[in-house]
Amino acid sequence: MATLDTALDPRAPSFLDNRSTAQAALRALEQAHGQARDGGGEKEVTRHHARGKLLPRERIELLVDSDTALLELAATAGREAGEPVGAGLVTALGVVDGIECMLIANDPTVYVGGPAQAGRAKFARAVELADRHLLPLVLLLESTPQEQSRPGVPDPCFARLGRMAAPVLCAVFGPLDAWLAPLPDLADHTITVRGRGDAARMDMVAEDERDALRMVRQTVRRLVTYQHGAQTGAVEPPRYEAEELLAVASADPAAVTEPREVLARVLDGSDLDEFRPQRGGALLAGFGAVHGHPVAVLAATGPAIDPDSADKGVELVRLAGKAGVPVLVLANPAGHAEPDSSALLLRALAQAERITLVLGTSPGSWALAGPGFRFSWPVGEGSTEPYDGVIDPRDTRTVLGICLSVSASPARKAPGNAPEREVAS
């Protein structure tokens, strides 16, 4: 196992330029996050609270286990499309009664005049990830006046719910209108608040919102019959500070980011067992761990992927699949493969369990192949919100740890070993 070293010089002008650019991008990102948290604005939030109702993030905070990690996905979706920042929807990975779940909560203070395109895409993406990773799906929904007046046409966002392998649990905090009407038939368990919904079609009726959230936790414990595999043993942190990741990415979003500098601040102990280091120099490949979770690593180091490098990448993916280890792909703005090489990598990665971190603009198409979580670092002004969100580089290790924990359950890895649903009594 080779210990990674660093070539960063904190006194170099490029270090300071890169850090300054990253901090400016993060300030813009934090402003967008603030807009998403503000929902429909102070007036609508005050009116909502006056009715005795909670906001989506308040509902989620009360639902999840205290002192556990919560990862919000695509928090600023919609800002590039001219829609409300956050698209009137909160999607997140959280722990409910010790079980990792996908959470979806809409914001009834955000009036978008019907389902915003970004919101529908965000909803569908959360459902897709929950289905892929066999995560219990918890819906915390309340319609807006626009949705209440919508014709009774089934929402395509709900189409996949009836086919989910893991349980789908839904708490409805308002009328069971045309938009929400299909949910009692699609979800495994539905809860409403007394006096706010059609109690006859729901499985449970709560006295108030807090009681409804208590019932959701109880239902997760009753319906979900499997849990993630726990990680044991001490985990050695990286040898270098996460703060330095602000300066690792180049101020030029089209420039190549050195993957070893990223991994030195993400992998446990900064240790990478490099795979075939003497061959295929256009790809960095190897094995390491993040928060105790084993991971295979694949990253482009040059402008083009030659056949020898592609073969190395394919073999790494094959070995990772055999060992049941997910692949972490660092998608650089480089690594465009020759046609034959690209086809090899595309086929290898198409079905791999993987997490992708986009480090700049225009990564090679092979690096984005296949399903799995995808995140991006901020890449300057005018950047869009790709995949499952733009993250602070300093949070990379934490975000990867959460995603790897979601993928770690042996029950989820074993083909054909999906848990059977328990019939609610």
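Quick caveat, the model's predicted, so the values are computed rather than measured.

Trainee: Mind showing me how you'd approach the overall build of the protein chain here?
Mentor: Assigned secondary structure in the protein chain consists of 13 helices and 16 strands. Within the protein chain, the fraction of its 425 residues that count as buried is 54%. Long-range pairs, those at least 24 residues apart, make up 68% of the contacts in the protein chain between residues at least 6 apart in sequence. Of the roughly 17,900 Å² that the protein chain leaves accessible, carbon and sulfur atoms contribute 51%.

Trainee: Would you explain the packing of aromatic side chains in this entry?
Mentor: How two aromatic rings sit relative to each other is set out by the distance from centre to centre and by the angle between their planes. Tallying each qualifying case throughout the model produces three aromatic pairs. Feature note: the residues Phe123, Phe158 and Trp179 constitute an aromatic cluster, connected by ring pairs. The ring of Phe173 is capped by Arg59, whose NZ or CZ atom sits 4.1 Å from the centre of that ring.

Trainee: I tried to follow the sheet that holds strand S5 (residues 137–141) on my own but got confused; where do I start?
Mentor: As a general point, the strands of a sheet are linked pairwise by backbone hydrogen bonds and lie either parallel or antiparallel. Read across the open sheet, the seven strands follow the order S2-S3-S4-S5-S6-S7-S8; overall the sheet is mixed. The outermost strands of the open sheet, each flanked by one partner alone, are strand S2 (71–73) and strand S8 (204–206). Within this sheet the neighbouring strands show an average axis-to-axis angle of 20°, counted without direction. Bridge count for strand S4 (residues 99–106) against S5 is four bridges, and the pairing is parallel. Counted as the bridge partner of Leu103 is Val138 from S5. In the packing of helix H3 (residues 56–63) onto the sheet, contacts are made with S2, strand S3 (89–96), S4 and S5, and the angle to S4 comes to roughly 160°. Sitting on the sheet, helix H7 (residues 209–223) is in contact with S3, S4, S5, strand S6 (168–172), strand S7 (189–193) and S8, with an inclination near 165° to S7.

Trainee: It is not clear to me how the environment of Glu44 should be interpreted in this structure. Could you clarify?
Mentor: Structurally, the position occupied by Glu44 is in helix H2 (residues 42–50). Using a relative accessible area of 14% as the deciding quantity, one classes Glu44 as buried. When the C-alpha atoms of Glu44 and Pro108 are compared, they prove to be 9.0 Å apart, with 64 residues separating the residues in sequence. What Glu44 contacts, discounting residues up to four positions off in sequence, is Thr109 and Tyr111.

Trainee: Quick question: what am I supposed to make of the pairing of S4 here?
Mentor: Within a regular beta strand, the side chains point alternately toward one face of the sheet and then the other, so they alternate between its two faces. Of all eight residues that make up S4, eight are buried, and the element is covered over most of its length. Taking every second residue as pointing to the same face, both faces of S4 are buried, with Ile99, Cys101, Leu103 and Ala105 on one and Glu100, Met102, Ile104 and Asn106 on the other. Note that S3 and S4 share eight bridges and pair antiparallel. When the bridges of S4 are listed, Thr91 appears paired with Ile104. Linking S3 to S4, which pair antiparallel, is a turn of two residues; within it Asp97 sits at a positive phi near 55°.

Trainee: In this structure, what is going on with the sheet that holds strand S16 (residues 373–376)? I would like to understand it.
Mentor: Strand order in the open sheet formed by seven strands is S1-S9-S10-S11-S13-S15-S16, and the pairing between neighbours is mixed. The open sheet has two edge strands with one neighbour each: strand S1 (2–3) and S16. Examined bridge by bridge, strand S10 (residues 283–290) and strand S11 (residues 293–300) share eight bridges and lie antiparallel to one another. When the sheet's bridge partners are listed, Ala285 is paired in S11 with Leu298.

Trainee: Which parts of the structure should I look at to understand the side chain of Glu142?
Mentor: Its location among the elements puts Glu142 in the loop between S5 and helix H5 (145–148). Looking at Glu142, the relative accessible area reads 5%, which means it is buried. Among the polar contacts made by the side chain of Glu142, one reaches the side chain of Lys53 at a distance of 2.5 Å.

Trainee: Is there a simple way to explain the confidence of the model for the protein chain in this structure?
Mentor: Regions with low pLDDT should not have their predicted coordinates read in detail. In the predicted model, the protein chain carries a mean pLDDT of 84, and 87% of its residues have values of at least 70. Every residue in residues 225–231 scores below 50 in pLDDT, and together they form 26 contacts with partners more than four places removed in sequence or on other chains. With pLDDT under 50 throughout, residues 411–425 is counted as low confidence; its partners more than four residues away or in other chains account for 31 contacts.

Trainee: Please clarify how the pattern of salt bridges should be interpreted in this entry.
Mentor: Think of it this way: side chains of opposite charge can pair up when their charged atoms draw near. Counted by the stated rule, this structure contains 28 salt bridges. With a closest N to O distance of 2.9 Å, Arg59 and Glu209 form a salt bridge. Here Glu209 lies in helix H7 and Arg59 lies in helix H3, a separation of 150 residues in the sequence. Looking at Arg59, the relative accessible area reads 0%, which means it is buried. By sharing partners, the salt bridges in this structure join Lys53, Arg59, Glu142, Arg196 and Glu209 into a single network.

Trainee: Explain helix H10 (residues 307–323) to me, please; I cannot follow it from the model alone.
Mentor: The first and last C-alpha atoms of H10 sit 24 Å apart over 17 residues, in line with the 24 Å expected at 1.5 Å per residue. The opening residue of H10 is Asp306, an N-cap whose side-chain oxygen sits 3.1 Å from the backbone nitrogen of Asp308. Where H10 ends, the next residue or the one after it, Gly324, has phi of about 70°, a positive value.

Trainee: In this structure, what is going on with the pairing of S6? I would like to understand it.
Mentor: For S6, the buried fraction is high: five of the five residues fall into the buried class. Of the two faces of S6, both are covered, the one formed by Val168, Cys170 and Val172 as well as the one formed by Leu169 and Ala171. Relative to S6, S5 runs parallel, the two sharing five bridges. Across the sheet, residue Leu139 finds its bridge partner in S6, namely Cys170. Where S6 lies against S7, four bridges are found, and the strand directions are parallel. Bridged to Ala171 within S7 is Ile191.

Trainee: Looking at this model, I keep getting lost on the nonpolar core. Mind explaining?
Mentor: When a protein is soluble and globular, its nonpolar side chains tend to lie buried together. Of all hydrophobic cores here, the largest spans 59 residues; its most connected members are Met102, Leu137, Leu139, Phe158, Leu183, Leu263 and Phe375. Among the elements that line this core, the one with the most residues is helix H12 (residues 396–406), at six residues. Setting aside anything within four residues of it in sequence, one finds Leu139 in contact with Ile104, Phe123, Leu161, Val168, Leu169, Cys170, Ala171 and Leu183. Core analysis: the second largest hydrophobic core is formed by 26 residues, Leu54, Leu169, Val193 and Val216 among them.

What counts as what
- Residues numbered from 1 in each chain as written.
- Predicted model: local features only at pLDDT ≥ 70, side-chain atom pairs only at ≥ 80, totals over all residues.
- Heavy atoms only, no water.
- Helix = DSSP H or I, 4+ residues; strand = E, 2+ residues; numbered from the N terminus.
- Buried < 20%, exposed > 50% of the residue type's maximum accessible area, 1.4 Å probe, protein only.
- Contact = heavy atoms within 4.5 Å.
- Areas by Shrake-Rupley, 256 points an atom, 1.4 Å probe, with all protein chains shown as cover.
- Phe/Tyr/Trp six-rings, centres within 6.5 Å; stacked < 30°, edge-to-face > 60°.
- Lys NZ or Arg CZ within 6 Å of the ring centre and 35° of its normal.
- Pairing = 2+ DSSP bridges.
- Axes fitted to C-alpha atoms, helices over the stretch in contact; angles between N-to-C directions.
- Polar contact = N/O pair within 3.5 Å; in protein donor to acceptor, adjacent residues only side chain to side chain.
- pLDDT = per-residue confidence, 0-100.
- Salt bridge = Lys/Arg side-chain N within 4 Å of Asp/Glu carboxyl O.
- Expected span 1.5 Å × (residues − 1).
- Core = buried A, V, L, I, M, F, W, Y, C linked by side-chain atoms within 4.5 Å.

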